[in-house]
Amino acid sequence: MPPRNHGDADRLRALVDAAERIVFFTGAGISTESGIPDFRSPGTGLWTKMKPIQFQDFVASDAVRQESWRRRFTGERVLEGAQPNAGHHAIARLVATGKVLAVITQNIDNLHQDAGVPAARVIELHGNAHHARCLRCGLRHELADLEREFRETGRVGPCNACGGIVKTATISFGQAMPEDEMARAQDAIEACDLCVVAGSSLQVYPAAGFPEYAKRRGALLAIVNREETPLDPRADLVVRGELGPTLAFVAGINPGPAGPRLSD
Ligand code: APR
């Protein structure tokens, strides 16, 4: 059953079918249908309800660090229970065709990997929220251990190996971008013939520079997003609609809750 924006979804499917080296660039909008709020949707986006914590404030203040852990371990805990939706399964299905060079994501929820995209094909520009690291020695810390400490003591203390500051393995505003992921994303963008933006407001740099760069390099650019983005005027195709049904239609999978199976 094609989505409401049938004509545009048809055109997106034609672009995907004709492409040989696709890069997906995803943002929080692909995970809202999994119950994870995005950041800037009017009324529901996280940054419409609270201020993001800046990296330098996290490092400078224990009180800010404990507020950050409180946000992670209390509230609706949507990250823990989230499952991939039809949009994630559709991208995984397209990756399985061998035509997708990489899934560059700004998301930290691991849902592309959970949907079956090989980890080697996922480039997490803003890290991953499912584990933590010491900022001094780099030691990995498991969230379950930190949550137990938080529940028992009301706080998360320093690294038990070196006394350094422990932080989820995500990239906060003001924090250096991961060099390896940035280099891999640039390589993929330089090799692609189609870049598909899926669920991003394209307002946060340097990440948002990648789809722009793809277009500048001569690749085709398609944007699937519920709202306008600053890059829409330069896109070869803009699909205004819900990502799950649109990408499921493009990948030829069933968008229903029962999960992916080839539509009849
Ligand atoms: N279908 C289509 N579009 C959707 C859907 C959906 N189901 N749900 C949300 N959207 C769109 C919204 O309209 C919005 O334009 O997805 C976009 C999400 O934009 P943001 O909330 O700004 O998220 P994102 O672009 O990923 O933010 C980039 O900002 O705060 C930082 O590090 C954070 O990685 C994040 C970065």
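Below is a short write-up of the structure. Since we're looking at a predicted model, the values are computed, not measured. (Residues numbered from 1 in each chain as written. Predicted model: local features only at pLDDT ≥ 70, side-chain atom pairs only at ≥ 80, totals over all residues. Heavy atoms only, no water.)

## Topic: the layout of surface pockets
Taking a probe equal in size to a water molecule and rolling it over the atoms shows the remaining empty space. The following threshold applies: Note on definitions: the grid is 1 Å and covers protein atoms alone; a cavity is a set of points where a 1.4 Å probe fits but cannot get out; a pocket is an open set with protein on both sides within 12 Å along at least five of seven lines; lining residues have an atom within 4 Å of a point. Grid points are joined across faces, edges and corners, and a volume is the space filled by probe spheres set on the points. In this description a helix means any DSSP run of H or I spanning at least four residues, a strand means any run of E spanning at least two, and both kinds are numbered starting from the N terminus. Amino acids are sorted into nonpolar (Ala, Val, Leu, Ile, Met, Phe, Trp, Tyr, Cys and Pro), charged (Asp, Glu, Lys and Arg) and polar (every other residue, Gly among them). What counts as a domain boundary in this text is fixed by an automatic or database domain assignment.
Taken as a whole, the second largest pocket spans an internal volume of roughly 340 Å³. If you trace the second largest pocket, you find 16 residues lining it, with His131, Arg133, Ala169, Thr170 and Ile171 closest to the centre. No other element matches strand β4 (residues 127-134), which puts 5 residues into the lining of the second largest pocket. Across the lining of the second largest pocket, the residue classes break down as 5 nonpolar, 6 polar and 5 charged. Split by domain, the residues of the lining of the second largest pocket number at least three in each of domain 1 (1-36 + 83-126 + 176-264) and domain 2 (40-77 + 129-170).

## Let's talk about the site of the ligand
This is how the line gets drawn: One heavy atom within 4 Å of a molecule or strand is enough for the residue carrying it to be called near that molecule or strand. Pairs of N or O atoms within 3.5 Å make up the polar contacts considered here, provided that, within protein, one atom can donate a hydrogen while the other can accept it, and that residues adjacent in sequence are counted only when both atoms are side-chain atoms. All accessible-area figures derive from a Shrake-Rupley calculation using a 1.4 Å probe, and residue coverage is judged against the displayed protein chains alone.
The environment of the ligand is made up of 23 residues, and the closest members are Arg40, Trp47, Ser200, Ser201 and Glu227. Here Phe39 contributes a backbone N or O atom positioned 2.8 Å from an oxygen atom of the ligand. Look at the ligand: alone it shows 740 Å² of surface, and the protein chains cover 97% of it. Composition of the shell around the ligand by domain shows at least three residues from each of domain 1 (1-36 + 83-126 + 176-264) and domain 2 (40-77 + 129-170).

## Focus: the pattern of salt bridges
Note the following rule: Criterion for a salt bridge: a side-chain nitrogen of Lys or Arg within 4 Å of a carboxyl oxygen of Asp or Glu.
Tallied over the full model, the rule gives 13 salt bridges. Of the charged contacts, one joins Glu242 and Arg226 as a salt bridge, the two residues approaching to 2.7 Å between their closest N and O atoms. Placement of the pair is Glu242 in the loop between β9 (237-239) and α10 (243-251) and Arg226 in the loop between β8 (220-224) and β9, with a sequence separation of 16 residues.

Keep in mind these numbers describe shape, not what the thing actually does.
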